[in-house]
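# Fold and contact review
What follows is each chain in one-letter form.
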Amino acid sequence: MELKAYSIFWVSFFIFLKLVQSKIGNQMLKTVKIEISGRVQGVGFRPYIYTLSQKINVNGTVSNNENGVIIYLTGSDKNIQLFYTELIQFPPPVSQIKESKIEEISFQDFHNFQIVPSIKRGKLNLSLTPDFAICETCKEEIADSNNRRFYYPFTTCVNCGPRWAVTKTFPFERENTSLQSFKMCDSCYEEYTDPSNRRFHSQTNSCQNCGITISLHKSDGSQINIPLYEIFKEVAALIKKGKIIAIKNTGGYLLCCDANNKEIIKKLRKSKKRPRKPFAVLYPSLPLLELHLSLNKQQRKALKSTERPIVILQKKDFKGDLAFAELIPGLNQIGIMLPYSGILQLLAEELKISIVATSGNLHGSPIISNNEQAEKILSGIADYFMHHDLEITNPQDDSVVKFSAKYQQEVLYRRSRGYAPNYFNFKDKTNEKIMAMGGGLKSTIAFLPNDHLYISQYLGNLEHYDVYERFVKITNYFTELFEEKPSVILIDKHPGYQSTQYGKEISKKWQTDLISIQHHKAHFAAILGEHHLFNCKEKVLGVIWDGTGYGDDKNIWGGEFFTFHKNEIDRLTHFAYFDWLAGDKMSKEPRLSLFSLADDEVENHIVGKFSKNEIAIYKSIKKKNKLKTSSVGRLFDAVASLLGICDINTYEGEAAILLENQITNYDLNKCKNYHESFIDGVIDTKSILKNIFSDYKSSVDKQEIIQSFLYTLTLLIFKIARQNNIQKIAMSGGVFQNTVLMDMLKELSGKEFKLFFNHNLAPNDENISFGQLMYYLHFIDFSNK
Ligand SMILES: [Zn+2]
Ligand SMILES: [Zn+2]
């Protein structure tokens, strides 16, 4: 009896205690919903969240959705705070959080933490994930003979590997990528499902038992049957023997050969129909590169970054062996990159020498990514093919950056692999779905279907049919991927651009508004947009200099000064018009720009650059010509031709690049101003050339003339800014790829001026699509609101 009472007492007490505990517990526990947007898919976000939940002792779920990542969390107030703070402060290394939201919701009693399947309820509204360079851990694994991924070139993890290159649709799950055709083996699946594994939920996970197969072929297509690890040894041996290999990499084919074999580089140039355009070089490792060239902090950082672009470096004091005369004819700079994929890494390990790694295409065509096409088009160039059976859904060229010599100002020359297709710095809000078709030469497409802005990778010159085809394909792909058709289409004013014509075509088909925007105003809007200057109270001077663009007066603009003030852009002044001769030929033949700007004296001096027949023709054209230009790009051409640097371009921008390459530095004490006067408020272009000629005739050193020419342009910008009492100067257009000019501007601006250059986008026509979009949002859409 006593015992019974005793038991009852304890059982009741126990129940009472439990009740109190759970009451207190439930009061302390709460549930929140966390929503994260930005670059959060395909970057190891969910596995990271899982691990964090275990560390901090909270329960709930995480999943991808069309807006990013969504987390339900139950835990104590303190733990939830801890979780959220850590998540925001230390997110996974390759992710980028754009926005995050946390809100308390009704209590849910989760018993553990789980990654739950993605549920797509609405249209996609998130940043897409670009390709990432191979990480250090994966690099170690493929080099380790005890690792099961030894020599497996497609080794990836949550922090590295191709993403945009294999994306079919979103959310970023395996079945939405071209990896879908490879079923994970048991070992891979174990890694994929093990929360403690670094490949937990890694969508591109594979190994040589279940993954992508690489194979070596002769130029006639016949396969050479050797095991995987021997393929890389064999390819390295073939390259050292002087063969050209077409290698299918993660973004498309690369044509590779020994970078110190003069004859083979000449052969590659000939068959690729690329006589002088510089070739980029792949270095096997950073330590070897640093033995040959001294790098500064920024260059090293860019070379090692997850974007891993080609970095243009000065070849001064180079200590290695490279066939410079064949690689970079006439230049003092060379584009260098480090292995960014397992394929290139394994090859580099075997090679230990640097190789040419140039886009696998014919002159002007887009990079090839399909096996059959590669054999069809490149068989006349490559001696061997290294194929693999992973489909590349978004082929991309390598991106290119350069840092100026004096102030290390970064310029993006080509924005593609590693950067595309996101544009992160976008803050505008609108309900319209806008598609901007860009320019003609360095084509890109910008699309705003939701809260995010997407800018395609660099596509190339739309005059090439293959580039145009890819352009059309991306337009359609964007609309399918986001399940949105544009409501507005933006085009350049140039009626002849393929992008303009295609924009008109789809605008009709999809019944959208169609708006044309002047080329240089788009450039100006691009730079204003990059630096969020639209709300700026002060006047901003826009200096927009490039090769060509269709002007409001139907002339060819390119030497423009604009002002931005109170939501308006005005053309302030420009370089005085000179004759645009012989249509497209003018951009290709710098000697024609010189001829156009020449007075009688200069003309007499340069007749030797033309045949008698040509002179007669161009003189008669000049007399009756009506088409005029203000292009600073053409002024650069004229100077390059006058100084005997380049009369006929073999690639776009050659004269301007060669001109810049004549100098590696400048001495302001030796510079003089070639500009004298304004005529009717515009800059006297011809007198600048006349003064340069006068120095040239007096045998002034060529390098001094070039420095003075850039100095003249710099002074002109500041003079016009002062005349108009403007302190903020925004510059865009292809001319601002000239890093010596950028440095001079920075040095001479002192504290008086604030300068803005393109930073997230290339200053050239790659930024036109973004500029059109910005122009529309701030100057057209704005007035309707
Ligand atoms: Zn990795
Ligand atoms: Zn496997």
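Just above sits the structure.
Described in the following lines is the structure provided in the data block. (Residues numbered from 1 in each chain as written. Chains lettered and ligands numbered in written order. Predicted model: local features only at pLDDT ≥ 70, side-chain atom pairs only at ≥ 80, totals over all residues. Heavy atoms only, no water.)

## Some points on the coordination of the zinc ion (ligand 1)
Selection criterion: The donor definition counts N, O and S atoms within 2.8 Å of each metal and applies 3.2 Å to Na, K and Ca; water is not among these atoms, so some sites may look incomplete. Only two sets of limits are used to name each site, 85 to 135 degrees for every angle of a tetrahedral four-donor site, and over 155 degrees for opposite donors with all other angles from 65 to 115 for a square planar four-donor or octahedral six-donor site, with any other site named irregular.
Within the protein, the zinc ion (ligand 1) binds to Cys135 (SG), Cys138 (SG), Cys157 (SG) and Cys160 (SG); these donor distances fall in the range 2.3 Å. For the zinc ion (ligand 1), the four donor atoms in the first shell make angles of 104 to 114° at the metal, so the coordination geometry reads as tetrahedral. As a motif over one chain, the donors of the zinc ion (ligand 1) read C-x2-C-x18-C-x2-C.

## A short note on the nonpolar core
Going by this rule: Within this scheme, the nonpolar core is defined by two criteria: the residues are buried Ala, Val, Leu, Ile, Met, Phe, Trp, Tyr or Cys, and they are joined through side-chain atoms within 4.5 Å. We call a residue buried when its accessible area falls under 20% of the maximum for its residue type, exposed when it is over 50%, and partly exposed in between, using a 1.4 Å probe and counting protein chains only. Strands are runs of DSSP state E lasting at least two residues, helices are runs of H or I lasting at least four, and both sets are numbered from the N terminus onward.
In this structure, Leu327, Trp545, Phe575, Ile717 and Ile729 are the most contacted members of the largest nonpolar core, which totals 153 residues. Per element, the largest residue contribution to this core is eleven residues, and it comes from helix H23 (residues 702-723). With 38 residues, the next largest nonpolar core counts Val488, Leu533, Leu761 and Phe779 among its residues.

## Concerning the sheet that holds strand S1 (residues 29-39)
What counts here: When DSSP finds two or more bridges between two strands, those strands count as paired. For helices, the axis comes from a line fit to the C-alpha atoms of the stretch in contact; other axes are also lines fit to C-alpha atoms, and the angle between any two N-to-C directions lies between 0 and 180 degrees. Contacts were defined at the residue level, with two residues in contact if any of their heavy atoms lie within 4.5 Å.
The strand order across the open sheet built from five strands is S4-S1-S3-S2-S5, with neighbouring strands paired in mixed fashion. What marks the edges here is a single partner per strand, and that holds for strand S4 (96-105) and strand S5 (113-115). With strand direction ignored, the average angle separating the axes of adjacent strands in the sheet is 15°. By the bridge criterion, eight bridges tie S1 to strand S3 (residues 68-76) in an arrangement that is antiparallel. The residue of S3 that forms the bridge with Ile36 is Val69. Those strands touched by helix H2 (residues 45-56) are S1, strand S2 (59-65), S3, S4 and S5, and its axis lies near 175° from that of S5. Sheet strands touched by helix H3 (residues 77-89): S1, S3 and S4. Its angle to S3, the strand with the most contacts, is close to 150°.

## So, the environment of Ile780
Among the structural elements, Ile780 can be located in helix H25 (residues 768-784). Sequence-wise, Ile780 and Leu761 are 19 residues apart; in three dimensions their C-alpha atoms are separated by 23 Å. Among residues more than four places away in sequence, those in contact with Ile780 are Ile515, Ile517 and Tyr775.

## Quick notes on the coordination of the zinc ion (ligand 2)
For a metal bound by four donors in tetrahedral geometry, the ideal donor-metal-donor angle is 109.5 degrees, whereas six donors in octahedral geometry ideally sit at 90 or 180 degrees. Distances from the zinc ion (ligand 2) to its protein donors, Cys185 (SG), Cys188 (SG), Cys207 (SG) and Cys210 (SG), fall at 2.3 Å. For the zinc ion (ligand 2), the four donor atoms in the first shell make angles of 104 to 116° at the metal, a pattern classed as tetrahedral. The sequence pattern describing where the donors of the zinc ion (ligand 2) fall on their chain is C-x2-C-x18-C-x2-C. Taken together, the residues span a long stretch of sequence, with Cys188 in helix H5 (residues 186-193) and Cys207 in the loop between H5 and strand S6 (214-218) at a distance of 19 residues. The two residues Cys188 and Cys207 agree in class, both being buried.

## Here's the deal with the pairing of strand S8 (residues 245-248)
Here S8 shows no split at all, with Ile245 and Ile247 on one side and Ala246 and Lys248 on the other all buried. Of the pairings in the sheet, the one linking S8 to strand S9 (residues 253-258) comprises four bridges and is antiparallel in character. The residue of S9 that forms the bridge with Lys248 is Tyr253. Hairpin connection of S8 to S9: four residues between the antiparallel strands, including Gly252 at a positive phi of 150°. Relative to strand S14 (residues 384-388), S8 is paired through three bridges, and the arrangement is parallel. Its bridge partner lying in S14, Ala246 is registered against Phe385.

## Quick word on the packing of H23 against helix H24 (residues 739-749)
To keep things clear, this is the line we draw: Here is the rule for angles: anything less than 35 degrees is roughly parallel, anything more than 145 is roughly antiparallel, 65 through 115 is roughly perpendicular, and the remaining ranges are oblique. By definition, any crossing whose near helix is turned counterclockwise from its far helix by less than a right angle is left-handed, and any crossing with a clockwise turn is right-handed. Just so you know the grouping, Ala, Val, Leu, Ile, Met, Phe, Trp, Tyr, Cys and Pro go in nonpolar, Asp, Glu, Lys and Arg go in charged, and all remaining residues, Gly too, go in polar.
Remark: H23 packs on H24, axes separated minimally by 10 Å, with the N-to-C direction vectors making an angle of 50°. Comparing their axes, H24 and H23 come out oblique. For the element pair H23 and H24, the recorded crossing hand is right-handed. On H24, the residues that touch Gln707, Leu710, Tyr711, Leu713, Thr714, Leu715, Ile717 and Phe718 of H23 are Val740, Leu741, Met744, Leu745, Leu748 and Ser749. In terms of residue class, the contact of H23 with H24 is built from eleven nonpolar, three polar and no charged.

## Some details on unusual backbone geometry
Residue Pro421 is reached from Ala420 by a cis peptide bond, and omega for that bond is 5°. Relative to the assigned elements, Pro421 resides in the loop between strand S16 (410-414) and strand S17 (422-423). For Asp680, which is not glycine, the phi torsion reads 50° and is therefore positive. Assignment of secondary structure puts Asp680 in the loop between strand S28 (678-679) and strand S29 (682-683).

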